[in-house]
Amino acid sequence: MPEIPAQSSASGRTADGHSSVMSFDPVITSTGITGWTFLQATYDRQFEHFNKDPILERDNDYFLENIGDITSAEELVSDYRLLSVALNAFGLGDEIDSKAMIQKVLEDGSAADDALANKLGDDRWVDFTDAFAFGPGLVPLTKLTYKMEEVVEASIVQSFEDAVGNTDTSMQVALYAERELVDLVTFDDEGEELSVLGQWYNIIGQPQLQSMFQVALGLPQDVIGLDIDRQVEIFQEASNKRFGSDDLTIFSDPEEMDKLVNTYLAMTELSAYESSSSSATLALSLLQA
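Presented here is a report on the structure given in the accompanying data block.

So, how was this worked out
- Residues numbered from 1 in each chain as written.
- Predicted model: local features only at pLDDT ≥ 70, side-chain atom pairs only at ≥ 80, totals over all residues.
- Heavy atoms only, no water.
- Helix = DSSP H or I, 4+ residues; strand = E, 2+ residues; numbered from the N terminus.
- Buried < 20%, exposed > 50% of the residue type's maximum accessible area, 1.4 Å probe, protein only.
- Areas by Shrake-Rupley, 256 points an atom, 1.4 Å probe, with all protein chains shown as cover.
- Phe/Tyr/Trp six-rings, centres within 6.5 Å; stacked < 30°, edge-to-face > 60°.
- Lys NZ or Arg CZ within 6 Å of the ring centre and 35° of its normal.
- Salt bridge = Lys/Arg side-chain N within 4 Å of Asp/Glu carboxyl O.
- Patch = residues over 30% accessible without salt bridge, like charges linked within 9 Å, V, L, I, M, F, W, Y side chains within 5 Å.
- Lys, Arg positive; Asp, Glu negative; His and termini not counted.
- Charge placed at Lys NZ, Arg CZ, Asp CG, Glu CD.
- Contact = heavy atoms within 4.5 Å.
- Axes fitted to C-alpha atoms, helices over the stretch in contact; angles between N-to-C directions.
- Parallel < 35°, antiparallel > 145°, perpendicular 65-115°, else oblique.
- Left-handed = near helix turned anticlockwise from the far one by under 90°.
- Nonpolar A, V, L, I, M, F, W, Y, C, P; charged D, E, K, R; others polar.
- Core = buried A, V, L, I, M, F, W, Y, C linked by side-chain atoms within 4.5 Å.
- Expected span 1.5 Å × (residues − 1).

## Some remarks on the overall build of the chain
Here is step 1: Scanning the chain from terminus to terminus reveals 13 helices and 2 strands.
Here is step 2: Here the chain holds 289 residues, and the buried ones make up 44% of them.
Here is step 3: Surface accessibility of the chain: about 14900 Å² in total, with carbon and sulfur atoms responsible for 50%.

As structure tokens, this is what we get:
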């Protein structure tokens, strides 16, 4: 197994929200497929080191010790450290300053069609509010230790992926796809098998996966701004051409998942190369002028 050098400087926050320094950053040796291969080969060791970070441990211990006392959305939103772990578990850490919106999401729940979580166009908000169950007529789940332990475990994984993303965003997206894609396209919330259309709606409801498929399928960025039904049509057609199927359950096969990830990383690297090449050409033209 390749040796992993020690690194430092991963950013974090203390209880009062000020910046602090984590003791270990994931090591990414290069971009594209080569860097991804190294990350995959060393993932378990790197994750183990990252998980022992004292700042991470303190925040997670604080969450587990105190979340059981929280009985309302307002109480959760009022505690920065608790809210930070809660949001981070669903990849929503950047939203921590939007407290009024977060409280509204939690208080609405997700059962009603007009609940805020259902209007935001990002399924992570639905998962977030469902995890705590502060919505109308529900019994909060904060006293269920095993449920809150699941939140902490998800937060640790997300923190590691965020740290990877600080070095290479495309690899963060690839890790997320390996973790979430198959579950998202297999069954709905009631445990029923999803139709192909349902699969694509779920993908479009996850910004990272939506962007990943847009890149992997060689589609222009403008596609993401189209009406959702039109997006689905375009994505399905492109998937049939590139992967031979528009049924996303094919990615439950590890070889097909590898093909998707490698295609995405290769297309990302190609795009970066073309962008830098264009910039260099423009700079040379300006100098010659």
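## Here's the deal with the packing of aromatic side chains
Here is step 1: In total, this model carries 12 aromatic pairs according to the counting rule given.
Here is step 2: With 5.5 Å between their ring centres and 80 degrees between their planes, Phe-50 and Phe-160 make a pair best called edge-to-face. One end of the pair, Phe-50, is in helix α1 (residues 32-51); the other, Phe-160, is in helix α8 (residues 145-167), with 110 residues separating them in the sequence.
Here is step 3: A residue is classified by how much of its surface remains accessible, and Phe-50, at 1% relative accessible area, is buried.
Here is step 4: The structure contains a cluster of three or more aromatic residues connected by ring pairs, namely Phe-90, Trp-125, Phe-128, Phe-132 and Phe-134.
Here is step 5: One Lys or Arg, Arg-81, reaches over the ring of Tyr-62 and ends 4.2 Å from the middle of that ring.

## Brief notes about the pattern of salt bridges
Here is step 1: In total, this model carries 8 salt bridges according to the counting rule given.
Here is step 2: Of the charged contacts, one joins Asp-122 and Arg-124 as a salt bridge, the two residues approaching to 2.6 Å between their closest N and O atoms. Assigned by exposure class, Asp-122 and Arg-124 land together as buried.
Here is step 3: With a closest N to O distance of 2.9 Å, Arg-230 and Glu-233 form a salt bridge. Here the residue Arg-230 and the residue Glu-233 both occupy positions in helix α12 (residues 228-243), the gap between them amounting to 3 residues, near one helical turn.
Here is step 4: What makes Arg-230 partly exposed here is its relative accessible area of 42%.

## A closer look at a negative patch on the surface
Here is step 1: A surface patch of negative charge is lined by Asp-127, Asp-130, Asp-189, Glu-190 and Glu-192.
Here is step 2: For Glu-190, a relative accessible area of 65% gives the class exposed.

## Structural notes on helix α10 (residues 196-204)
Here is step 1: Along α10, the residues that are buried comprise Gly-198, Gln-199, Trp-200, Asn-202, Ile-203 and Ile-204.
Here is step 2: For α10, the secondary structure elements touched by its buried residues are α7 (123-132), α9 (169-184), α11 (207-216) and α12.

## What to know about the packing of helix α2 (residues 54-66) against α8
Here is step 1: Running from N to C, α2 and α8 point in directions that differ by 160 degrees, and their axes come no closer than 10 Å. In terms of axis orientation, α2 runs roughly antiparallel to α8. In terms of crossing hand, the pair formed by α2 and α8 is right-handed. On the side of α2, the interface is formed by Leu-56, Asn-60, Phe-63 and Leu-64, while α8 contributes Met-148, Glu-149, Val-151, Val-152, Ile-156 and Ser-159.
Here is step 2: Here the residues of the contact of α2 with α8 sort into 7 nonpolar, 2 polar and 1 charged.

## Some words on unusual backbone geometry
Here is step 1: The backbone of Ala-133 sits at a positive phi, close to 55 degrees, despite the residue not being glycine.
Here is step 2: Position of Ala-133 among the secondary structure elements: in the loop between α7 and α8.

## Observations regarding a nonpolar patch on the surface
Here is step 1: A contiguous nonpolar surface patch, about 240 Å² in accessible area, is contributed by Leu-197, Tyr-201 and Ile-228.
Here is step 2: Turning to its location among the elements, Leu-197 is positioned in helix α10.

## Observations regarding the nonpolar core
Here is step 1: Of all hydrophobic cores here, the largest spans 76 residues; its most connected members are Phe-63, Phe-128, Phe-132 and Phe-213.
Here is step 2: The residues touching Phe-132, leaving out its near neighbours within four places in the chain, are Phe-63, Ile-67, Leu-76, Ala-86, Phe-90, Leu-106, Pro-140, Leu-141, Thr-142, Met-148 and Val-151.

## Some remarks on α12
Note: α-helices contain 3.6 residues per turn, so residues at a spacing of three or four share the same orientation.
Here is step 1: Its 16 residues place the ends of α12 21 Å apart at the C-alpha level, agreeing with the 22 Å of an ideal helix rising 1.5 Å per residue.
Here is step 2: Among the residues of α12, Gln-231, Val-232, Ile-234, Phe-235, Gln-236, Ala-238, Ser-239 and Phe-243 are the ones counted as buried.

## Quick look at the packing of α1 against α9
Here is step 1: In the contact formed by α1 and α9, the axes pass within 11 Å of each other and the chain directions differ by 55 degrees. By the angle class used here, α1 and α9 are oblique. As for how α1 packs across α9, the hand of that crossing is right-handed. From α1, Gly-32, Gly-35, Trp-36, Leu-39, Gln-40 and Tyr-43 reach across to α9, where they touch Met-171, Ala-174, Leu-175 and Glu-178.
Here is step 2: Tallied by class, residues from the contact of α1 with α9 come to 6 nonpolar, 3 polar and 1 charged.

## Quick look at the environment of Ala-131
Here is step 1: Structurally, the position occupied by Ala-131 is in helix α7.
Here is step 2: Of the residues examined, Ala-131 reaches a relative accessible area of 15% and is grouped as buried.
Here is step 3: Distance from Ala-131 to Ala-86, taken between C-alpha atoms, is 9.1 Å for residues 45 residues apart in sequence.
Here is step 4: Beyond its immediate chain neighbours, meaning those up to four positions away, Ala-131 contacts Phe-90, Leu-141 and Met-148.

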